[in-house]
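# Architecture at a glance
If you want the building blocks of each chain, they are given just below.
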Amino acid sequence: MTRVLIVEDDALQSELVRRYLQREGHDVTVLADGAEALSEVRRSAPDLLVLDVMLPGADGLTVCRTLREEQFDLPILLLTARSTENDLLLGLELGADDYLAKPYSPRELVARVRALLRRARRTVPASTVISVGDLEIDPDRHRATIADRLLDLTCAEFDLLEEFALHPGIVLSRARLLDRLHGTDRWIGGRTIDTHVKNLRAKIESDPQQPTRLVTVYGVGYTLHAG
């Protein structure tokens, strides 16, 4: 049974989300404090974290940043009442895989959770290793390396890098990359892709300000080169 940790200080909202996720067959734990959430993730290693941004103890952005710094790679879905795009993109920059702005439909949340878990669990034949220069991606093991250096990637970053590596030298539009991450959900904006690309460059480029691997084609999208 998939273990989902909900961290939300609104008791009514967290109970509603808990019921919907339990109906999906998940084992759900609910907490209301950011510091307690950090302790619980370290203790029980849940499969997915649903994380409110505004929390006592430690806010959701701090929790997200801390978990990524400690190399926890579980999918993180942020819930936020902050409606400005910059606030939402900051969460992605800190390592969140997806976000929902309040108010949201519980059914939409369940769909996002389902998609994140599906991406985290997706497997392909073990013999399939994708290589682009010294970049190697093993989808079955969810492992990516550059010159044998292991890359610490979130689920969303791994999915995007795999999509680029499957089409080296081909310019991929933001719309196509959004389809890879979110299917037909068009609520998510193109700047989400820009933020993930920025994070990827910080991990795969020698100089992220002058990228040679993951290159922008202005007005079109991005393309991956061997570097």
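For the structure, check the block above.
Conventions we followed
Residues numbered from 1 in each chain as written. Predicted model: local features only at pLDDT ≥ 70, side-chain atom pairs only at ≥ 80, totals over all residues. Heavy atoms only, no water. Helix = DSSP H or I, 4+ residues; strand = E, 2+ residues; numbered from the N terminus. Polar contact = N/O pair within 3.5 Å; in protein donor to acceptor, adjacent residues only side chain to side chain. Expected span 1.5 Å × (residues − 1). Buried < 20%, exposed > 50% of the residue type's maximum accessible area, 1.4 Å probe, protein only. Pairing = 2+ DSSP bridges. Contact = heavy atoms within 4.5 Å. Axes fitted to C-alpha atoms, helices over the stretch in contact; angles between N-to-C directions.

Here we take up the side chain of Arg 213. Inspection of the secondary structure puts Arg 213 in the loop between α8 (190-204) and β11 (214-217). Side-chain polar atoms of Arg 213 contact the backbone oxygen of Ile 204, separated by 3.1 Å.

Our next topic: helix α5 (residues 106-121). Between its first and last C-alpha, α5 extends 22 Å over 16 residues, near the 22 Å set by a 1.5 Å rise per residue. Every buried residue of α5 is listed here: Pro 106, Leu 109, Val 110, Arg 112, Val 113, Ala 115, Leu 116, Leu 117 and Arg 119.

We now examine the sheet that holds strand β10 (residues 172-173). Across the sheet, which stays open at both edges, the three strands sit in the order β10-β12-β11 with antiparallel pairing between neighbours. Either end of the sheet is taken by a strand with one partner, and the two such strands are β10 and β11. Two strands pair when backbone bridges link them, and β10 and strand β12 (residues 221-224) are joined in this way by two bridges, in the antiparallel orientation. Among the inter-strand pairings, Ser 173 is bridged to a residue of β12, identified as Gly 221. Sheet strands touched by helix α6 (residues 155-166): β10, β11 and β12. Its angle to β12, the strand with the most contacts, is close to 70 degrees.

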